[in-house]
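Descriptive structure summary
For reference, the chains in residue letters:
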Amino acid sequence: MRSGHLPRTSGTVTVADVAAFLGRDAPAGNDVAIRDVCDDSRALRPGDLYLALPGRRHHGLEFERDAIERGAVAVVSDRVADHLPTVVVPHPRTVAGPLASWFHGHPSSALEVYGVTGTNGKTSTTHFLHAGLQGAGRSPGLVSGVAISSFDGAAERPIRTTPEATVLQRTLATFVHNGCDSAAVEVSSHAVVEHRSDGLDFAVLAFTNLGRDHLDYHGSMENYYAAKASLFDPERARAAVVGVDDEWGRRLAAECALDVTTVSTSDAAADVLATDIDCTAHRTSFRARTPVGSVELTLPVLGPHQVSNALVALAALVAGGHDLDAAAHGISSVHGIPGRLEPVVAGQPFTALVDYMHNPSGQRSTIPYLRSITRGRLVLVIGATGGRDPGKRAELGAVAGRWADTVIVTDESPVDDVPDVLRGDVLAGARTTPAQVIEIPDRRAAIDRAVRGLGADDTVVVAGRGSDRWQHVGSRRVYFDDAAELYDAIVHDGGAPEVRSGRP
Ligand SMILES: CC(=O)N[C@H]1[C@@H](OP(=O)(O)OP(=O)(O)OC[C@H]2O[C@@H](n3ccc(=O)[nH]c3=O)[C@H](O)[C@@H]2O)O[C@H](CO)[C@@H](O)[C@@H]1O[C@H](C)C(=O)N[C@@H](C)C(=O)N[C@H](CCC(=O)O)C(=O)O
Ligand SMILES: Nc1ncnc2c1ncn2[C@@H]1O[C@H](COP(=O)(O)OP(=O)(O)OP(=O)(O)O)[C@@H](O)[C@H]1O
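Conventions and cut-offs
- Residues numbered from 1 in each chain as written.
- Chains lettered and ligands numbered in written order.
- Predicted model: local features only at pLDDT ≥ 70, side-chain atom pairs only at ≥ 80, totals over all residues.
- Heavy atoms only, no water.
- UniProt positions renumbered as here; feature names shortened; annotations may be inferred.
- Pairing = 2+ DSSP bridges.
- Helix = DSSP H or I, 4+ residues; strand = E, 2+ residues; numbered from the N terminus.
- Near = heavy atom within 4 Å.
- Polar contact = N/O pair within 3.5 Å; in protein donor to acceptor, adjacent residues only side chain to side chain.
- Areas by Shrake-Rupley, 256 points an atom, 1.4 Å probe, with all protein chains shown as cover.
- Nonpolar A, V, L, I, M, F, W, Y, C, P; charged D, E, K, R; others polar.
- Domains from an automatic or database assignment.

An unreviewed UniProt entry lists the protein chain under the name UDP-N-acetylmuramyl-tripeptide synthetase, with Rhodococcoides corynebacterioides as the source organism. In UniProt, the protein chain has this text filed under Sequence similarities (unreviewed entry): "Belongs to the MurCDEF family. MurE subfamily."

Section: the sheet that holds strand β21 (residues 459–463)
The strand order across the open sheet formed by six strands is β16-β17-β21-β18-β19-β20, and the pairing between neighbours is mixed. Each edge of the open sheet is held by one strand with a lone partner, namely β16 (342–343) and β20 (436–439). Sheet topology note: the β16/strand β17 (residues 351–355) ladder contains two bridges and is antiparallel. The residue of β17 that forms the bridge with E342 is V354.

Here we look at the site of ligand 1
In the vicinity of ligand 1, 24 residues are found, and the nearest of them are S41, R57, T161, S188 and R196. Between ligand 1 and S41 there is a distance of 2.7 Å, counted from an oxygen atom to a backbone nitrogen or oxygen. Contact with the protein chains hides 82% of the accessible area of ligand 1, taken as 1000 Å² for the molecule alone. Its residues assigned to classes, the shell around ligand 1 shows four nonpolar, nine polar and 11 charged. A domain split of the shell around ligand 1 shows at least three residues from each of domain 1 (15–103) and domain 2 (107–332).

Structural notes on the site of ligand 2
Residues in contact with ligand 2 amount to 18 residues; listed here are only the nearest, K122, T123, S124, R340 and H358. Side-chain polar atom of R340 to an oxygen atom of ligand 2: 2.7 Å apart, as the coordinates give it. Measuring from an oxygen atom of ligand 2, one finds a side-chain N or O atom of H358 at 2.7 Å. Considering ligand 2 on its own, with 620 Å² of exposed area, one finds that the protein chains cover 95% of that surface. Where the shell around ligand 2 is concerned, the elements lending two or more residues are α5 (122–135), α11 (305–319) and α13 (360–372). Among the residues forming the shell around ligand 2, the class breakdown is two nonpolar, 12 polar and four charged. Shared between two domains, the shell around ligand 2 holds at least three residues of each, these being domain 2 (107–332) and domain 3 (342–492).

Here it is, written out as structure tokens:
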């Protein structure tokens with residue numbers, strides 16, 4: 001449902017207004033005013049409307065008592081609550097986005113919203129877009145998997161890649177309130193299927209690429225593609241930018257009903273093309289040829305995949321009508337992106353990086369580059385997160401072992417899976433390669449081992465978690481920051497502690 005055309009009538013919203021908006025009967029007690037819309041009893045505040053959603057493990061109505069104790073005044077759900085006045089709708093999740101958008105005055109219509117989806121590169125591209133919008137003189141907000149922030153820099157760490165619809169709409173409303181005029185928003189495929197992105201009006205939607213991931217959730221690549229492709233609808237966006245360096249992007253560009261700008265690092269027929277690509281151990285540069293001219297970019301981030309991501313961001317900004325040179329200048333001024341080939345500097349002679357590669361296509365774009373900048377030994381610390389597509393685990397090991405000298409297989413976040421099984425699957429793949437393969441379950445011990453004895457020409461990469469600060473072990477959450485741990489391991493191994501990277 002496109003949200004911009006359903007005006008809210010008054011400043012105060014009552015239960016009756018909500019029922020009218022949803023086209024449903026108003027319950028008794030319908031003149032109560034609503035403070036906000038919230039879909040989690042644990043986050044409710046007095047005066048809130050509780051959107052009680054059916055889930056995989058629970059139905060939100062199981063938490064009605066909690067909701068009442070926290071001050072909820074009414075419920076929207078698919079059946080009548082025991083105590084609170086209820087507006088009944090057949091599919092509450094599908095109304096979450098439009099309802100929250102309407103409640104908050106359609107914030108995405110007041111902002112120029114750039115959405116980014118794809119298997120890999122969403123976070124990076126979203127950060128490039130944010131920087132590019134600033135370069136173009138705009139005041140953007142940012143909703144990415146690593147940070148949610150207004151243009152003033154105040155940031156919070158998100159719980160997931162794309163927040164629930166009610167949180168997302170509230171966040172955009174806060175952006176409007178704080179003076180933002182635009183936003184860069186990361187959109188996961190889960191968010192699309194779970195209707196978190198419903199009710200958003202996108203100025204431009206960007207697709208980076210598609211590769212094997214999340215098949216535990218989507219079931220097949222075809223379903224995974226369909227989830228992403230369903231976003232690219234004239235009801236949701238005004239224009240599209242599509243990376244066409246894989247078959248899925250080429251298909252989307254052909255099938256999409258929006259105005260499409262195609263983007264490539266190799267196909268001269270694409271609308272926007274990167275040439276003169278140069279990826280060193282310290283920076284990344286390329287020339288972008290676009291329909292409105294050419295421009296050179298030098299980025300303070302590492303790896304050829306960032307060329308694709310920056311190019312998609314640049315193409316989206318051009319599609320949005322921004323000046324090419326200003327957008328390129330902004331993108332080139334991006335601060336490092338946390339956990340994306342992020343250098344850790346502790347005075348050591350070798351290169352040490354933390355990266356979020358967690359699927360084979362991400363590895364294939366990243367590890368050959370790491371090999372190319374490493375004259376000596378390439379040591380990779382890898383693992384597999386639990387609760388995710390088991391079919392990719394052996395391939396993770398095999399791709400790592402194909403390029404690295406040493407692969408250390410350790411635990412990431414096992415969640416509810418058995419750590420030995422997760423490691424066993426990754427090890428099975430790694431052991432099909434000529435690399436030295438070492439199993440060290442404890443992640444801290446694995447990182448300590450990885451840095452031991454490295455010299456000036458060597459590179460160590462701690463992969464798989466990026467800037468995530470928490471390991472999930474069963475229902476326990478354990479604080480573990482890969483960059484800080486890598487820093488400490490280097491120092492303990494003899495690096496010079498007086499030179500410290502920004503983050504740890
Ligand atoms: C698949 C999916 O989107 N699941 C989300 C969904 O879970 P669910 O429907 O099973 O919820 P449930 O636990 O059964 O609870 C039902 C309802 O009761 C509510 N509840 C529950 C407990 C309580 O005490 N009070 C309460 O109100 C919940 O808020 C929920 O609305 O609703 C929950 C509450 O909002 C989410 O936490 C949960 O995301 C889980 C944590 C998740 O792991 N999602 C992953 C798959 C995900 O979305 N990942 C993508 C990124 C992927 C990537 O790019 O790598 C993302 O966008 O983050
Ligand atoms: N354009 C790309 N092509 C292939 N791999 C990429 C690309 N961009 C990033 N990667 C790899 O994917 C990892 C994650 O990058 P990024 O966080 O930007 O993507 P993402 O789509 O947001 O990931 P996720 O949705 O899983 O959070 C990087 O650390 C890198 O290894």
